[in-house]
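Coordinate inspection notes
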Amino acid sequence: MGLTAGIVGLPNVGKSTLFNAITKSNVLSANYPFATIEPNVGVVEVKDKRLDEIVKIVNPRNVVYTTFSFTDIAGLVKGASKGEGLGNQFLSHIREVDAICHVVRCFENKNIIHVNGTIDPVDDMETINMELAFADLDVIEKRIPRVEKKAQFKTDEDSVLEYGALIKLKEALLNGKMARDVELTKKEAEMVKGFSLLTLKPMIYVLNVGEDDIVSKNYNKYVNDAIKYANDHNSLYVVISAKMEEDLSGLEEDEKEMMLEEYGLSESGLDDLIKKAYSILGLQTFFTEGEKECRAWTFKKGMTAPQCAGVIHTDFEKGFIKAEVVKYDDFLTYKSFAKAREAGKLDLVGKDYVFQDGDITVFRFNVTK
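Throughout what follows, the structure given in this document is the object of discussion. (Residues numbered from 1 in each chain as written. Predicted model: local features only at pLDDT ≥ 70, side-chain atom pairs only at ≥ 80, totals over all residues. Heavy atoms only, no water.)

As a further point, take the overall build of the protein. When its secondary structure is counted, the protein shows 15 helices and 12 strands. The burial tally for the protein puts 48% of its 369 residues in the buried class. Of all intrachain contacts in the protein linking residues separated by at least 6 positions in sequence, the fraction that spans at least 24 positions is 69%. Of the accessible surface of the protein, which amounts to about 18,900 Å², a share of 48% is contributed by carbon and sulfur atoms. (Helix = DSSP H or I, 4+ residues; strand = E, 2+ residues; numbered from the N terminus. Buried < 20%, exposed > 50% of the residue type's maximum accessible area, 1.4 Å probe, protein only. Contact = heavy atoms within 4.5 Å. Areas by Shrake-Rupley, 256 points an atom, 1.4 Å probe, with all protein chains shown as cover.)

The next thing to look at is unusual backbone geometry. A positive phi is found at Asn-234, a non-glycine position, where the angle reads about 50°. Within the secondary structure, Asn-234 sits in the loop between helix 8 (221-232) and strand 7 (236-240). Positive phi is not limited to glycine here, since Lys-335 has a value of about 70°. Inspection of the secondary structure puts Lys-335 in the loop between helix 14 (328-334) and helix 15 (337-342).

Before going further, it helps to examine the packing of helix 1 (residues 15-23) against helix 9 (residues 242-249). Their axes nearest at 8 Å, the elements helix 1 and helix 9 cross at an angle of 25°. Relative to helix 9, the element helix 1 lies roughly parallel. Between helix 1 and helix 9 the crossing geometry is left-handed. Between helix 1 and helix 9, the contacting residues are Thr-17, Leu-18, Asn-20 and Ala-21 on the first element and Ala-242, Lys-243, Glu-245, Glu-246 and Ser-249 on the second. In terms of residue class, the contact of helix 1 with helix 9 is built from three nonpolar, three polar and three charged. (Axes fitted to C-alpha atoms, helices over the stretch in contact; angles between N-to-C directions. Parallel < 35°, antiparallel > 145°, perpendicular 65-115°, else oblique. Left-handed = near helix turned anticlockwise from the far one by under 90°. Nonpolar A, V, L, I, M, F, W, Y, C, P; charged D, E, K, R; others polar.)

Two side chains bearing opposite charge may form a pair once their charged atoms approach each other closely. In total, this model carries 17 salt bridges according to the counting rule given. Between Asp-48 and Arg-50 there is a salt bridge, and its shortest N-O distance comes to 2.9 Å. Across the pair Asp-225 and Lys-221 runs a salt bridge, and its minimum N-O distance is 2.6 Å. With a gap of four residues between them, Asp-225 and Lys-221 both fall in helix 8, about one helical turn apart. (Salt bridge = Lys/Arg side-chain N within 4 Å of Asp/Glu carboxyl O.)

Now for the nonpolar core. Counting 58 residues, the largest nonpolar core has Leu-18, Phe-68, Phe-70, Leu-207 and Leu-273 as its most contacted members. By residue number, the principal contributor to this core is helix 8, which donates six residues. When residues no more than four places from it in sequence are discounted, the contact partners of Phe-68 are Leu-3, Thr-4, Ala-5, Gly-42, Val-43, Val-44, Val-46, Ala-277, Tyr-278, Leu-281 and Leu-283. Grouped together as the second largest cluster of nonpolar side chains are 17 residues, Ala-133, Leu-137, Val-147 and Ala-165 included. (Core = buried A, V, L, I, M, F, W, Y, C linked by side-chain atoms within 4.5 Å.)

The next subject is helix 8. Helix length check: helix 8, at 12 residues, gives a terminal C-alpha distance of 16 Å against a target of 16 Å (1.5 Å per residue), a fit within 8%. Listing the buried residues of helix 8 in full gives Tyr-222, Val-223, Ala-226, Ile-227, Tyr-229 and Ala-230. Along the long axis of helix 8, the arc covered by the buried residues comes to 160°, so they all point the same way. Within helix 8, the exposed residues directed more than 90 degrees away from the buried face are Lys-221 and Lys-228. Between the side-chain oxygen of the N-cap and the backbone nitrogen of Tyr-222 there are 3.0 Å, and the N-cap of helix 8 in question is Asn-220. The positive-phi residue at the C-terminal boundary of helix 8 is Asn-234, with phi of around 50°. (Expected span 1.5 Å × (residues − 1). Arc of directions from axis to C-beta. Polar contact = N/O pair within 3.5 Å; in protein donor to acceptor, adjacent residues only side chain to side chain.)

A few words on the side chain of Asp-136. By secondary structure assignment, the location of Asp-136 is in helix 4 (residues 121-153). We classify Asp-136 as buried; its relative accessible area is 0%. Ignoring anything within four residues of it in the chain, the contact list for Asp-136 reads Arg-95, Leu-173, Leu-197, Leu-198, Thr-199 and Leu-200.

This part takes up a negative patch on the surface. Where like charges cluster on the molecular surface, the negative patch consists of Glu-252, Glu-253, Asp-254, Glu-255, Glu-257 and Glu-261. With respect to the helices and strands, Glu-252 occurs in the loop between helix 9 and helix 10 (253-262). (Patch = residues over 30% accessible without salt bridge, like charges linked within 9 Å, V, L, I, M, F, W, Y side chains within 5 Å. Lys, Arg positive; Asp, Glu negative; His and termini not counted. Charge placed at Lys NZ, Arg CZ, Asp CG, Glu CD.)

Take the sheet that holds strand 1 (residues 4-8) next. Strand order in the open sheet formed by six strands is 2-4-1-5-6-7, with mixed pairing between adjacent strands. What marks the edges here is a single partner per strand, and that holds for strand 2 (40-46) and strand 7. Ignoring which end each strand starts from, the neighbouring axes of this sheet average 25° apart. The sheet contacts of helix 1 involve strand 1, strand 2, strand 4 (66-72), strand 5 (99-105), strand 6 (203-208) and strand 7, and relative to strand 2 the element is tilted by about 45°. This element, helix 11 (residues 269-280), spans strand 2, strand 4, strand 5, strand 6 and strand 7 of the sheet and lies at about 170° to strand 7. (Pairing = 2+ DSSP bridges.)

Written out as structure tokens, the structure is:
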């Protein structure tokens, strides 16, 4: 599944530094606005300790982790929705992603200028949200006249549904709410899905702090204000030091673990960010195993066995017959599908089975030409 998150924020808040850490790449990261001109896209492996344990048992020739794509988008400024700064071209890039990682500066550094001249995380958060809302309002207000007459005369059921949804969204945005806060019916949501509204996308606030703050956990006023804002708006957040993550990304895995242990950290901020990105998008993981390859696959929570088979290949879904499923903990106990079957821990499931996070599976299918 080609899932993506866009990294957004004001200029000089640490977006490109975070992107460097995520992808171990070396995109331009400079102390001036708009250092990023074209969106940089990087694909990162999602490390999963469960797959590592499966690999220890199976010892396959190849291991494939699932992946997540991050797009570093140039810094937005107040008025971006009206063309200020580098304007709408970057708002269009955000429309293409599944989730938004909003980087917020919560550190002081006299050598790194702030685009507004002063550090104020809550104001920064509201600035970006307002620009996203204005951009959505522009889309909605252009669309409403096209369906209004049909809706009012009730000549077309779809137009009635779409018009009602657009009015709900417009009123919410005008009252300072995000589109994702609006309760839409399933049909209404389908009607507006094609508009790729920015404020409908799930958002995680990435609070960028100094390295000392991460180690001490003694957060400053900037961090605490930003956390309160995120909580007040029912949003997920991650406290992270982009600079530390960039340093960690240059280390070998064992060196990275030693450094984290030295700092008293159980995991990196990037690991936490990816976990929360999975959570906010309703993503889970199933596994396939064999001597040739052990692999992790991403699926949406609630997907059935045939749909998960389709994640591997569309033919698997079309010709789905059954799936053999062993729970992760049972696989660790019995070490193979054969022994799990003997112990009664292998389930043969059909089309109605809803896959669970951590399921290990073999699909049975038949495709006739």
